[in-house]
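Structure assessment
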Protein chains: 2
Amino acid sequence: MPFTFPVSSRFGPQPADPVGDLFSVLSRGDIISFAGGIPDGALFAFDDLRSSFEHVLAHQARRALQYGATPGEPELREAAAALVARDLPTTPDQIQVTSGSQEGIYLAAQALLSPGDVVLVEEPTYLAAVQAFMLGGARLVGVEADAEGMLPDALASAIAEHGAKVVYLIPTFANPSGKTMGRQRREQIAAVLLGTDVALIEDDPYGRLRFSGEPVAPIAALPGMAERTILLNSMSKVMAPGLRIGWMRVEGALRQILGIAKSAVTLQSPALNQLAVAHYLTHHDLDAHIASVVGPYRERRDALHAGLMAMLPATASVTRPDGGMFCWVRLGDDTDTAQLLPIAVEEGVAFVPGWSFYAADPDRSTMRLSYATNSPEMIAEGLRRLASALGR
Amino acid sequence: MPFTFPVSSRFGPQPADPVGDLFSVLSRGDIISFAGGIPDGALFAFDDLRSSFEHVLAHQARRALQYGATPGEPELREAAAALVARDLPTTPDQIQVTSGSQEGIYLAAQALLSPGDVVLVEEPTYLAAVQAFMLGGARLVGVEADAEGMLPDALASAIAEHGAKVVYLIPTFANPSGKTMGRQRREQIAAVLLGTDVALIEDDPYGRLRFSGEPVAPIAALPGMAERTILLNSMSKVMAPGLRIGWMRVEGALRQILGIAKSAVTLQSPALNQLAVAHYLTHHDLDAHIASVVGPYRERRDALHAGLMAMLPATASVTRPDGGMFCWVRLGDDTDTAQLLPIAVEEGVAFVPGWSFYAADPDRSTMRLSYATNSPEMIAEGLRRLASALGR
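These figures come from a predicted structure and were not determined experimentally. (Residues numbered from 1 in each chain as written. Chains lettered and ligands numbered in written order. Predicted model: local features only at pLDDT ≥ 70, side-chain atom pairs only at ≥ 80, totals over all residues. Heavy atoms only, no water.)

Moving on to the interface of chain B and chain A. Across the contact, 88 residues belong to chain B and 88 residues belong to chain A. Of the roughly 7,200 Å² buried between chain B and chain A, counting both surfaces, carbon and sulfur atoms make up 65%. Taken together, the links from chain B to chain A amount to 2 salt bridges. For Asp40 of chain B, the salt bridge is made with Arg62 of chain A, and the minimal N-O distance between the two is 3.8 Å. At the surface where chain B touches chain A, the tally comes to 36 residue pairs in polar contact (both at pLDDT 80 or more). It is helix H9 (residues 254–266) of chain B that contributes the most residues to the side of chain B that touches chain A, 9 residues altogether. Grouping the amino acids of the side of chain B that touches chain A by side-chain chemistry returns 50 nonpolar, 24 polar and 14 charged. (Contact = heavy atoms within 4.5 Å. Buried area = accessible area lost by both parts, 1.4 Å probe. Salt bridge = Lys/Arg side-chain N within 4 Å of Asp/Glu carboxyl O. Polar contact = N/O pair within 3.5 Å; in protein donor to acceptor, adjacent residues only side chain to side chain. Helix = DSSP H or I, 4+ residues; strand = E, 2+ residues; numbered from the N terminus. Nonpolar A, V, L, I, M, F, W, Y, C, P; charged D, E, K, R; others polar.)

The pairing of strands in a sheet happens through backbone hydrogen bonds and is either parallel or antiparallel. Residue and element names in this part refer to chain B. Spatially, S2-S10-S9-S8-S7-S3-S4 is the arrangement adopted by the 7 strands of the open sheet, whose pairing is mixed. Looking along the sheet, the strands with just one partner apiece sit at the ends: strand S2 (95–98) and strand S4 (139–143). The sheet shows a mean angle of 20° between the axes of neighbouring strands, taken without regard to direction. Of the strands in this sheet, S2, strand S9 (229–234) and strand S10 (246–249) touch H9, which is tilted by about 20° from S2. (Pairing = 2+ DSSP bridges. Axes fitted to C-alpha atoms, helices over the stretch in contact; angles between N-to-C directions.)

In this section: the relation of the copies chain B and chain A. Once turned by 180° and shifted 0.0 Å along the axis, chain B lies on chain A with an RMSD of 0.0 Å. Seen this way, the second copy is the image of the first under a two-fold rotation axis. Identified as the residue of chain B closest to the rotation axis by C-alpha distance is Glu54 of chain B, at 3.7 Å. An overlap of 100% is found between the interface residues of chain B and their copies at the interface of chain A, pointing to a shared contact surface. (Least-squares fit on C-alpha atoms with pLDDT ≥ 70 in both.)

Turning our eyes to something else, we now look at the environment of Val56 of chain A. Residues and elements named next belong to chain A. Within the secondary structure layout, Val56 lies in helix H2 (residues 46–59). C-alpha of Val56 to C-alpha of Val277: the two residues are 221 residues apart in sequence and 9.8 Å apart in space. Residues in contact with Val56, not counting those within four places in the same chain, are Ala61, Ala64, Leu272, Leu275, Ala276 and His279.

Printed below as a string of structure tokens:
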């Protein structure tokens, strides 16, 4: 009889791999894909990144290729603290380097949550965060949102009803919705949390990728919030995801717990990549690079948003983000976008069906579309294909 | 009242961080350290690694800096499969790339083990594996070992007594003991496992770093074992740990589960590092590099082993490994090496106290010493300091 590996109860009877499935769809060359959550590779700062790696391999090779300390390389922790300190006083010892903000979410879940603990998330929310919380044994509860994201009253009720330990939010250019909380909404969310013992995981991978509207500081920067917030940043969207470098900012004793978890999971992030990112941040101009890429992103957002508004029926709604990568569509009829996807792929266009972004009770007429990697012309053609799919 | 973060029940009331603590001790410049589990940075293949990164950044930059597929970059999966296939037929789709073999252990634990499940480990075993299993909620049970590692009869009894799901072994140049299972012992271990539904996690980061004796194929290569084994390899000890590249070899449907876990933890390993390692493996000569470094390691093993034998009392035993990095000392008296360590550090020498490598009931007179990073002269001086500490 052939051997069958045991499978942990962490995984359901039919484990789904929406993230992996997504990457498979993307690899087909003839598809116009709105499905990715990836930055446009044509816009990477190739020369500055290459020269940063060359510098490190020429002058710091022995350190770069060796094991390093779990919290991260000192130069990167310092550069990261300086970036975070634009909004919120931060010292290098409050920084734990991670392999992208994905590992930050995962480690935060491991550190804070015991099996069965409740995490409150906006509906819809980032699907790989849902996976990270589920594998940690947490129970996810979705909280109602409006055009600015999670509703403070709904948050207060959910805390009271479920005894939640943690709230997970992407307050700026959320994945998948593209929504951003204004300052007043952030203050209302903070006011709810300050009266409780609930911690906040504030995921901010997109915040600096703003192309319209006024910047808003993270919730962690509001009075009293820093001490109860794990703030997550990533270089994936503003520099390059292939480096797998991000960090978490946290105060007090929890950093040691996060370090123990980091040790058990990956020991440390690659010293080479850390030193190269630190070199880039101290010798090149990330702000100037971001300023050079937001123009194309703004143009693409305009193309996708206007195109969707013109194409979709009156029942539909479409978010119009001020940054990040995503428009979120709610068809508002009985369309199931999971059934629409194979038809769309036949027509040569892809998106992410919305159901996988919900903790429970998905609105199946929703879908996420990214404008980040397609020119306005490609977006127009993609929308023509999507219209054909909807027509069938 | 200041806010206190909740801490997961995964962590005990006084969470220890032996790995992190170790790296702190190592950072003191005046210490002769036998504590590290790190390769000698002076022996890295600097030129070949630098040219591999330069090639990738010059010719594959856009892919290298972008997100990639969860299982890993095709070139690396192919090169990894070819390496594993020297012992055991392996196809690229059986490879999941990991951030060092640490992430391999962690993902295997997450995939296979439900909270409360029993993992059998050799006593003593790799401490960061213990951490990975504990965070997964597993219950660790230590199995008795002799000079070749885990005893087959003790394994059979432990399986019968504890209903174990998984056995974790480092059969070649084990950490911390330096022991290697001969072919016959491997066959006996396999025979025990083949009669059960117990899976094997075979951790083999050191196997190719052999400087004496005859190579032995992994247990996974014995008849019937491949289908029930997750085999873990790493480039950390034979190429460079700062790249954080390793892989797991697994057959059948479990790879998808491992991929879901990988997605949730780190999404994927850095494409840049993967492509550079793949380039190194296909355009440079890893075997020749290993052949060039094992000479110094052999010399250092001889210096440490002979020095310890000359210095320690007759009650003590010292392992003499054929490869890898570690001698394991058992003083066999009432010395507690955890209490000896601060005295040794005062004398200017460091080692790892043995207690942290035990799942339960540690022999507190044990310690792990690595010869990998010190010249024979430094080893002699370090042993003089250790003798002074033991004398106090």
